[in-house]
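Residue-level listing of the chains:
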Amino acid sequence: GAVVSQHPSWVICKSGTSVKIECRSLDFQATTMFWYRQFPKQSLMLMATSNEGSKATYEQGVEKDKFLINHASLTLSTLTVTSAHPEDSSFYICSALEHSNQPQHFGDGTRLSIL
Amino acid sequence: LAKTTQPISMDSYEGQEVNITCSHNNIATNDYITWYQQFPSQGPRFIIQGYKTKVTNEVASLFIPADRKSSTLSLPRVSLSDTAVYYCLVGENNQGGKLIFGQGTELSVKP
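What you see is a predicted model; the values in this text were computed from it and never measured. (Residues numbered from 1 in each chain as written. Chains lettered and ligands numbered in written order. Predicted model: local features only at pLDDT ≥ 70, side-chain atom pairs only at ≥ 80, totals over all residues. Heavy atoms only, no water.)

## Digging into the side chain of Ser12 of chain B
Residues and elements named next belong to chain B. Stated precisely, the cut-off is as follows: Helix and strand assignments come from DSSP, with helices taken as H or I runs of at least 4 residues and strands as E runs of at least 2, each series counted from the N terminus. Burial classes follow relative accessibility: with a 1.4 Å probe on protein chains only, a residue under 20% of its type's maximum area counts as buried, one over 50% as exposed, and anything between as partly exposed. Whenever two N or O atoms come within 3.5 Å, that pair is a polar contact, provided that in protein one can donate a hydrogen and the other can accept it, and provided that, for residues adjacent in sequence, both atoms are side-chain atoms. Note on contacts: a residue pair is in contact if any heavy atoms of the two residues lie within 4.5 Å.
Within the secondary structure, Ser12 is located in strand β1 (residues 9-13). Ser12 gets classed as buried once you look at its relative accessible area, which sits at 4%. For Ser12, the side chain forms a polar contact with the side chain of Gln16, separated by 3.1 Å. Those residues in contact with Ser12 that lie beyond four places of it in its chain are Val18, Val78, Leu107, Ser108, Val109 and Lys110.

Right under this line is the structure:
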């Protein structure tokens, strides 16, 4: 149980385009979802916390107009990287939380490459 | 959220027991200790969580001394497939689940 699915797993696009990444909790309802970014050989960096039906809370230094997060239902959150540039190339990972007293369950990440 | 310190890397051989220690001197009363495993190009996978003393599951044990300022993840009889990065995290479960990842420990298991 507790499966989190991310789509797509890998995307390449041209500079200036917008890219949407989906995060779904397949067998549970997620009260909260989180988005992380990970550069090569580095740790995960929390970008934002998302609760269903409300605005996401962004970590310091993360541009909310650049990284649009929508959490429309208890099983789906989306991250849209707007007007992506090469420096946005990274590994984006989502996680979902069913109950606050339980561990987070992570998706398998999305590799984003901007040319 | 308490800061954690772990060794950057560790080497081991197949069949050995591996112990990875994490320091968290500023751990708060309500904080839990959670360990995750991450393989390249994958999301982290939950291993074990504890509050005090010892916790054991089918893959690992977690030892937490009385002062809770450190914890040790113990992996019995590692195999090549245990080569991964291991993260120790400390935080309140009722903080909405927010996790701040440290640098992790890169474990390399050799034949």
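Having seen it, we continue.
## Here we look at the packing of aromatic side chains
What counts, and what does not: Any two rings among Phe, Tyr and Trp, with Trp reduced to its six-membered ring, count as a pair given centres within 6.5 Å; such a pair is stacked if its planes are under 30 degrees apart, edge-to-face if over 60, and tilted if neither. When the NZ atom of lysine or the CZ atom of arginine is within 6 Å of a ring's centre and also within 35 degrees of its normal, the charge is said to sit over that ring.
What the rule picks out here adds up to nine aromatic pairs over all chains. Geometrically, the ring pair formed by Phe106 of chain A and Tyr36 of chain B is edge-to-face, given 5.3 Å between the ring centres and 80° between the ring planes. Of this pair, Phe106 of chain A sits in strand β10 (residues 105-106) while Tyr36 of chain B sits in strand β3 (residues 31-38), which puts the two residues in different chains. Accessibility classification places Phe106 of chain A together with Tyr36 of chain B in one group, the buried group. Through a chain of ring-to-ring contacts, the aromatic side chains of Tyr36 and Phe106 of chain A together with Tyr36, Phe46, Tyr87 and Phe101 of chain B assemble into a single cluster. One cation-aromatic arrangement involves Arg68 of chain B over Tyr51 of chain B; the distance from NZ or CZ to the ring centre is 3.9 Å.

## Focus: the interface of chain A and chain B
The following threshold applies: Buried area, as used here, totals the accessible surface that two parts lose on assembly, with accessibility defined by a 1.4 Å probe and the loss added over both. Salt bridge, as applied in this entry: a Lys or Arg side-chain nitrogen positioned within 4 Å of an Asp or Glu carboxyl oxygen.
Counting residues at the interface gives 21 residues for chain A and 20 residues for chain B. For the pairing of chain A and chain B, the buried interface totals around 1,500 Å² over both sides, and the portion due to carbon and sulfur atoms is 52%. There are zero salt bridges connecting chain A and chain B. There are six residue pairs in polar contact (both at pLDDT 80 or more) connecting chain A and chain B. Mapped onto the side of chain A that touches chain B, the elements with two or more residues apiece are β4 (32-38), β5 (44-51) and β9 (90-97) of chain A.

## Regarding the sheet that holds strand β7 (residues 70-75) of chain B
Residue and element names in this part refer to chain B. Condition: Whether two strands pair comes down to DSSP finding at least two bridges between them. Here, axes are lines fitted to C-alpha atoms. For helices the fit covers the stretch in contact, and angles between N-to-C directions go from 0 to 180 degrees.
The strand order β2-β7-β6-β5 describes an open sheet built from four strands, whose pairing is antiparallel. Edge positions in the open sheet fall to β2 (18-23) and β5 (53-56), since each of these has one partner strand only. The mean inter-strand angle of the sheet, taken between neighbouring strand axes irrespective of direction, is 15°. With six bridges connecting them, β2 and β7 associate as antiparallel partners.

## What about the pattern of salt bridges?
The tally for this structure, following the rule as stated, stands at three salt bridges over all chains. Here Lys66 of chain A makes a salt bridge to Asp88 of chain A, at a shortest N to O gap of 2.7 Å. You can see Lys66 of chain A sitting in the loop between β6 (57-58) and β7 (67-73) and its partner Asp88 of chain A sitting in the loop between β8 (76-81) and β9, a full 22 residues away along the chain. Note on Lys66 of chain A: relative accessible area 12%, which makes it buried. One salt bridge connects Lys110 of chain B with Asp11 of chain B, and the closest N-O pair in it is separated by 3.7 Å. You can see Lys110 of chain B sitting in strand β9 (residues 105-110) and its partner Asp11 of chain B sitting in strand β1, a full 99 residues away along the chain.

## Comments concerning the state of the cysteines
Residues and elements named next belong to chain B. Counted only if it meets this: In this description, the term disulfide denotes a pair of cysteine sulfurs within 2.5 Å.
For the structure on display, the rule yields two disulfides over all chains. Each sulfur in the disulfide pair Cys22 and Cys88 lies 2.2 Å from the other. On the sign convention where negative means left-handed, the S-S torsion of about -80° between Cys22 and Cys88 marks this disulfide as left-handed. With a gap of 66 residues between them, Cys22 in strand β2 and Cys88 in strand β8 (residues 84-92) connect regions that are remote in the sequence. With respect to burial, Cys22 and Cys88 carry one shared label: buried.

## Here's the deal with the pairing of β5 of chain A
All names here are of chain A. In terms of residue burial, β5 counts as a mostly covered element, since six of its eight residues are buried. With seven bridges joining them, β4 and β5 adopt antiparallel strand pairing. The residue of β5 that forms the bridge with Thr32 is Asn51. Taking the residues between adjacent antiparallel strands as the criterion, β4 and β5 are bridged by five residues, where Lys41 takes a positive phi near 65°. In this structure, β5 lies alongside β6, joined through two bridges in antiparallel fashion. For Thr49, the partnering residue across the bridge sits in β6 and is Thr57. The turn linking β5 back onto β6 is made up of five residues, and Gly53 within it adopts a positive phi angle of 80°.

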